[in-house]
Amino acid sequence: MKEAGEVLTSSNGIAIAVIFILAVILLLLLARLGYFSFKGKGLTVGKTENDIRSTLLKQKEFQVFLHNLMSQLSFLVIFHFSIGLKDYRQLEEYRPPVTTRLYAQDGSLLMEYAQQKRSFVPVEKIPDLLKQAFIAAEDKNFYTHGGIDYTGVARAIVNNVKYFGTGKRLMGASTITQQVAKNMLLTSERSLSRKIQEAILARKMEHAFTKDHILELYLNEIYLGNRSYGVAAAALNYFDKSLDELELHEIAYLAALPKGPNNYHPTKHYDAAVARRNWVIDRMAEDGYATAEEAQKAKEQPLEVVTRNFGFLKDGEYYSEEVRRSIVHNLGEDALYEGGLIVRT
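Residues numbered from 1 in each chain as written. Predicted model: local features only at pLDDT ≥ 70, side-chain atom pairs only at ≥ 80, totals over all residues. Heavy atoms only, no water.

Caption draft 1: Looking closely at the overall build of the protein chain. Within the protein chain one finds 13 helices and 5 strands. Restricting to contacts in the protein chain with at least 6 residues of sequence separation, those with at least 24 account for 65%. In the form shown here, the protein chain has an accessible surface area of approximately 20700 Å², with 55% of it arising from carbon and sulfur atoms. (Helix = DSSP H or I, 4+ residues; strand = E, 2+ residues; numbered from the N terminus. Contact = heavy atoms within 4.5 Å. Areas by Shrake-Rupley, 256 points an atom, 1.4 Å probe, with all protein chains shown as cover.)

Caption draft 2: Examining the environment of Leu-224 more closely. With respect to the helices, strands and loops of the structure, Leu-224 is situated in the loop between α7 (211–221) and α8 (231–239). Looking at Leu-224, the relative accessible area reads 0%, which means it is buried. Sequence separation between Leu-224 and Ala-256 is 32 residues, and the spatial gap between their C-alpha atoms is 9.0 Å. Each residue touching Leu-224, except ones within four places of it in the same chain, is listed here: Phe-134, Gly-230, Val-231, Ala-234, Tyr-238, Leu-254, Leu-257, Pro-258 and Pro-261. (Buried < 20%, exposed > 50% of the residue type's maximum accessible area, 1.4 Å probe, protein only.)

Caption draft 3: Up close: the packing of aromatic side chains. In total, this model carries 7 aromatic pairs according to the counting rule given. Look at Tyr-223 and Tyr-229: their rings are 4.8 Å apart centre to centre, the planes differ by 45°, and that puts the pair in the tilted class. We classify Tyr-223 as partly exposed; its relative accessible area is 37%. Judged by its relative accessible area of 22%, Tyr-229 falls in the partly exposed class. (Phe/Tyr/Trp six-rings, centres within 6.5 Å; stacked < 30°, edge-to-face > 60°.)

Caption draft 4: Helix α3 (residues 128–138), seen in detail. With 8 of its 11 residues buried, α3 lies for the most part within the structure. When we look at burial in α3, the residues that qualify are Leu-130, Lys-131, Ala-133, Phe-134, Ile-135, Ala-136, Ala-137 and Glu-138. Where α3 is buried, its residues contact α5 (176–185), α7, α8, α9 (248–256) and α10 (270–286).

Caption draft 5: Highlighting the pattern of salt bridges. By the definition in use, this model includes 11 salt bridges. A salt bridge links Glu-250 to Lys-241, with the shortest nitrogen-to-oxygen separation between them at 2.9 Å. For Glu-250, a relative accessible area of 7% puts it in the buried group. Here the salt bridges do not stand alone but share partners, grouping Arg-194, Lys-195 and Glu-198 into one network. (Salt bridge = Lys/Arg side-chain N within 4 Å of Asp/Glu carboxyl O.)

Caption draft 6: Structural context of the nonpolar core. In terms of nonpolar packing, the biggest core is built from 58 residues, with Leu-130, Phe-134, Val-180, Leu-243 and Leu-254 touching the most fellow members. Sorting the residues of this core by element identifies α3, α5, α6 (192–208), α7, α8, α9, α10 and α11 (292–299) as the ones contributing at least two each. Of all the elements, α9 adds the most residues to this core, at 7 residues. Excluding anything up to four places from it in sequence, Leu-130 contacts Leu-219, Val-231, Leu-243, Leu-246 and Ile-251. (Core = buried A, V, L, I, M, F, W, Y, C linked by side-chain atoms within 4.5 Å.)

Caption draft 7: Broad picture of the environment of Tyr-88. Structurally, Tyr-88 can be placed in the loop between α2 (52–82) and β3 (100–103). By relative accessible area, which is 18% here, Tyr-88 ends up buried. Remark: the alpha-carbon pair of Tyr-88 and Ala-181, spanning 93 residues in sequence, is separated by 8.0 Å. Not counting residues within four places of it along the chain, the set of residues in contact with Tyr-88 comprises Leu-185, Leu-201, Lys-204, Met-205, Ala-208 and Phe-209.

Caption draft 8: Focus on unusual backbone geometry. Within the chain, Asn-226 stands out as a residue other than glycine whose phi angle is a positive 55°. Looking at where Asn-226 falls in the secondary structure, it is placed in the loop between α7 and α8. Residue Asn-226 is classed as partly exposed on the basis of its relative accessible area, which comes to 34%. With a phi angle near 60°, Arg-227 is a residue other than glycine that sits in the positive phi range. For Arg-227, a relative accessible area of 47% corresponds to the partly exposed category.

Printed below as a string of C-alpha cells:
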C-alpha cells in the first residue's frame, strides 16, 4: 500500500503534467494558426495581414476547439481529484462534539469534559458584528463569490510577487468556504493536489449549502488557540464572556486568530497580537462595518485576556473524577466528551 506522502506526490505530479501538456498544446496551436513560427534562433512573428479572412476563421475555430479542450481537461482534472474525497453532504446536518460542564450546587463551574473545547452556536444567534469581523479579515467577498474568489487570488499573486524576498508573510487567497473544506474534509497538507481538492469541494458546497450554513460551519469549527474550537469557546476562554457581551476590540482580536493563534498569543506576542487586531479593525472600518470613530476607540483599547477560574472546591478534582466515571458508566464516553451535557450536583 502506498504511503500518504507517496499518494500526494503522485497527485502533484499528475497536476503539473496536465498543466505542462496544456501549455504545450496551446503553443503548438498558436504556431499552427500562424501567430509565430519556430525558425532560426527565436520566434518569428507570422504575417497574417495577407489573408485576414482566413486568419479570422482560424481564430474562431481555435476558440471553439480551445473551449472544448478546456472543458474536457477540466472534467478530467475534477474527476481525478474527486476520487476518494469525503462526502461534503455530511456537513448538511452538522453535529459537532460539544463540551460537557459540571457545576456545583452554588452554580460554580467545577470541570469541563471535552476532547475539543467547543460550544455550538446557531448562525442566527451569532452577533452580526462578529460575523462581519471574520468576513472582513478572512474573505471580504464571501457573499458574492461561488466558493473561489478569483479577485482575491489575483490580488494575492500580485502582492506575493511584490513582497517576495522581503521576509513578509505571503498572502493567502483561501475563502471561508475553502477553509471549511480543508478543516472539516481534508488535511492541512500543503500541496497542489490538496488545493485542487479544496477548490472542488468549495464549489460543490456553495451549490449545496446557503452562505449562512457555510458561515455557521466555519465559526463553530475554526481553531482559535487557547484550547478553543469555535467563536463561543474562544470568547469564554479569552474574555470570560458570551458572544453578545463582546466589544468591538475583543471581536476583532478573535477574528485576528485564524491565521495563526500561536503567532498572536495575547501575552507571548502581545505587540503582534495588537497589531493584527488593529489591522482587522481597519478592515472592518474600510468595509463599512464600523465607523472611523468606533475603529479609533477600539484600537486604543489594551488587549486584556483572563485566566479562567474554575473555582474548584477542596477535593473537587477527585469528586469530578467520580462524576466522570459515573457518566461514562451510564451514558458512555461519547455522551461525556461530545454530548454537551450540563451536570449539576
